[in-house]
Amino acid sequence: IPANTTITSAALALTLRDGQSTWSNISVFPANTDWTSTLCWAVQPSIGTALAENVAPSNMLYTTDVTAAVRSWYTGADNHGVMVRYHNESVNDYNSFYSSDVGDRPPSLTINYENTADLQVASINAPSGDVGNSLNISAVISNTGAAAAGASTVQYVIKDSGGTTVHTATASCGSVAAGASVTAASISWTPVTADTYTVTVTADYFNVIPESDENNNTMSAGVTVGDYYQVLNWFYPLTPASGGNINIISPYNRGNPGFAVECNYGVPVYAIDNGTVLATGYDDLKGNYVAIKTNSIAPSGQQYIVWYTHLQTIDVNVNATVVKGTTVIGKTGTTGLSPFPRLGLYISTANTAELSLLNISNTVDPVRFWDYWGSSGHFIFGDINGDGQANEFDLASLREHLLRKNLLSGSALVAADMNEDDKVDILDLLILKRYLLENTRGDLVNEPSQEESSSAASTSSAASSSSSASSGTSTSSSTSTSVKTDSDGFGPPYR
């Protein structure tokens, strides 16, 4: 049969020889192997499942449906012919049929077919991207068949390097003329982890289009997702204090679209990227500040603007060119509402040129640009399990420590000492809970149980000596524990 067609039916016709007065119903089977010996009762080929059973003749003609076998032959299965036998072999009767070399009514095989479509995935557009940024993925669907294909559905499946499915979606595909191609609707996917992923696209996912080949509808392609921000390789603006630890005392959140890090007084602050000084000045909350428009481009298409705040001195002028890791823009201090030395850092992704206009929709968390919880020993207060953020899992770990179910040690104990009073107690739990209530989903955080309160009141675990101590405003609690007040104008008054 011609290419790009589909068999709609196939019938085998056998005619009884003239003069036979009796007959029996027959069944037809596909032969599974080649046979060369003379056929007899004792020598029969291996057969498969019956194609037609208990078929009676009409006017001496047996017509049997062998569509399934013929379709398989035309799609690559071996053709060893068929075997015909009585449906009930206990019948004491014999029949014979006209053959191709005897008589004028030889066996016949009639095949009906029609032109059909054959949809295939011609290409996949899966561009590389970065964590946290939406990727649009699409596919071109071609029709190599001889008939047009109506509208159908395309499926997209995305798996990580370990084979785990991380995203599945379907999209519409319009009709495709014979020999033509169309681009199916795209899907949007936002990766959360850097990895090499595999995108698999299946044309006519719901199998609504009759095709000449139903086994060639799938294609896969790779897509690389990196951490865009760390790839920029920005320079960290100052030398970490406290033996190499970078203590984030005011993390990025809805109320504070940047972060503040603890530091020594008068430490040089370096340009984190090449760029131009956009503005300098003083703000009642943020103190002395420098704004630099960097040469790096954000995913929004705008150049990043980096704001350095709480500087004691400003050592650059507006429109000056700065060099990454070389130019000192100023020195750390306590200007603005800052009772102890700190450096505030705010990074705009939308060309925002005023401090007061910064918010989470036009900024990015500065920790994205550096590995704060890697081998360098950096950590975030409250990040007890070391996954780069303070969340409800850290709260659970702190609860277990206070209940003496699973005691913390090392860097985890340091991170749990929220107010840096060299002990971990119920006050640290309350500070962490307050932070999570104001900066995450409130339903993830419960009030302390009576068991926690009573147990924690008698629990005081010494924190690691690597925890940084610094002077500042404090308030006294009933347990005589000092809590520093973070009053930089953004965020809650605690770490």
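Residues numbered from 1 in each chain as written. Predicted model: local features only at pLDDT ≥ 70, side-chain atom pairs only at ≥ 80, totals over all residues. Heavy atoms only, no water.

Q: Any chance you could explain the overall build of the chain here in plain terms?
A: Regarding its fold elements, the chain presents 6 helices and 29 strands. Residues classed as buried in the chain amount to 44% of the 495 residues present. Across the chain, every contact between residues at least 6 apart in sequence was considered, and the portion connecting residues at least 24 apart equals 68%. Of the accessible surface of the chain, which amounts to about 23200 Å², a share of 48% is contributed by carbon and sulfur atoms. (Helix = DSSP H or I, 4+ residues; strand = E, 2+ residues; numbered from the N terminus. Buried < 20%, exposed > 50% of the residue type's maximum accessible area, 1.4 Å probe, protein only. Contact = heavy atoms within 4.5 Å. Areas by Shrake-Rupley, 256 points an atom, 1.4 Å probe, with all protein chains shown as cover.)

Q: Hey, could you run me through the packing of aromatic side chains in this one?
A: Centre distance and the angle of the planes are the two values used to describe a pair of aromatic rings. One pass over the full model with this rule turns up 8 aromatic pairs. Considering the side-chain rings of Phe 235 and Tyr 270, the 5.8 Å spacing of their centres and the 75° angle between planes classify their relative orientation as edge-to-face. Of this pair, Phe 235 sits in the loop between α2 (228–231) and β16 (247–250) while Tyr 270 sits in strand β18 (residues 268–270), and the two are 35 residues apart along the sequence. Taking relative accessible area as the criterion, Phe 235 reaches 34% and is therefore assigned partly exposed. The exposure class assigned to Tyr 270 is partly exposed, which follows from its relative accessible area of 24%. Summarising the aromatic geometry, the rings of Tyr 304 and Phe 369 are spaced 5.7 Å apart at their centres and angled 85° between planes, so their arrangement reads as edge-to-face. Of the two residues, Tyr 304 sits in strand β21 (residues 303–314) while Phe 369 sits in the loop between β24 (342–348) and β25 (379–380), which places them 65 residues apart along the sequence. Like Tyr 304, the residue Phe 369 is buried in the burial classification. (Phe/Tyr/Trp six-rings, centres within 6.5 Å; stacked < 30°, edge-to-face > 60°.)

Q: What am I meant to see in the environment of Ala 52 here?
A: The topology assignment puts Ala 52 in strand β3 (residues 52–55). Put simply, Ala 52 and His 87 are 35 residues apart on the chain and 9.8 Å apart in space, counted from C-alpha to C-alpha. Residues contacting Ala 52, with those up to four places away along its chain left out, are Ser 27, Val 28, Thr 64 and Asp 65.

Q: Explain helix α1 (residues 67–74) to me, please; I cannot follow it from the model alone.
A: One turn of the α-helix equals 3.6 residues, which is why residues spaced by three or four share an orientation. Thr 67, Ala 69, Val 70 and Trp 73 are the residues of α1 that are buried. An end-on view of α1 places all buried positions within 165° of arc, on one side of the element. Positioned one or two residues after α1, Gly 76 has a phi angle of 115°, which is positive. (Arc of directions from axis to C-beta.)

Q: Looking at this structure, I do not really get the pattern of salt bridges. What am I missing?
A: Between side chains of opposite charge, a pair can form as their charged atoms come close. Counting across every chain of the model gives 3 salt bridges. Asp 18 serves as the salt-bridge partner of Arg 105, at 3.0 Å between the closest nitrogen and oxygen. Of this pair, Arg 105 sits in the loop between β5 (82–86) and β6 (108–115) while Asp 18 sits in the loop between β1 (5–15) and β2 (26–30); the two residues are 87 residues apart in sequence, bridging distant segments of the chain. In this structure Arg 105 comes out as partly exposed when scored by relative accessible area, which is 33%. Residue Asp 18 is classed as exposed on the basis of its relative accessible area, which comes to 53%. In this structure, a network of salt bridges that share partners links the residues Asp 18, Asp 104 and Arg 105. (Salt bridge = Lys/Arg side-chain N within 4 Å of Asp/Glu carboxyl O.)

Q: Hey, could you run me through the side chain of Asn 391 in this one?
A: For Asn 391, the location among the structural elements is in the loop between β25 and α3 (392–402). Not counting chain neighbours up to four residues away, the residues in contact with Asn 391 comprise Asn 385 and Leu 436.

Q: Quick question: what am I supposed to make of the sheet that holds β6 here?
A: Hydrogen bonds between backbone groups are what pair the strands of a sheet, and the pairing can be parallel or antiparallel. Pairing is antiparallel in the open sheet, where 3 strands are placed in the order β4-β1-β6. The sheet is open, and its two edges are formed by β4 (61–65) and β6, each paired on a single side. Within this sheet the neighbouring strands show an average axis-to-axis angle of 20°, counted without direction. Strand direction decides the pairing type here: β1 and β6, joined by 8 bridges, are antiparallel. The residue bridging Ala 13 from the neighbouring strand is Ser 108, located in β6. (Pairing = 2+ DSSP bridges. Axes fitted to C-alpha atoms, helices over the stretch in contact; angles between N-to-C directions.)

Q: When you look at the nonpolar core in this model, what are you seeing that I'm missing?
A: Where a protein is soluble and globular, its nonpolar side chains tend to be buried together. Membership of the largest hydrophobic core comes to 30 residues, with the highest contact counts inside it found for Trp 234, Val 290, Tyr 304, Tyr 308, Ile 329 and Phe 369. Of all the secondary structure elements, the ones that give two or more residues to this core are β17 (259–262), β20 (287–297), β21 and β24. Listed in part, the 28 residues of the second largest apolar core include Ile 124, Ala 139, Ile 187 and Val 225. (Core = buried A, V, L, I, M, F, W, Y, C linked by side-chain atoms within 4.5 Å.)

Q: What is the right way to look at the pairing of β2 in this model?
A: Side-chain positions along a regular strand alternate between the two faces of the sheet. In terms of burial, β2 is a largely internal element, 5 of the 5 residues being buried. Bridging between β2 and β3 involves 2 bridges; their strand directions are antiparallel. Bridged to Ile 26 within β3 is Val 55. Here 5 bridges tie β2 to β5, and the two strands are oriented antiparallel to one another. Paired with Val 28 across the bridge in β5 is Val 84.

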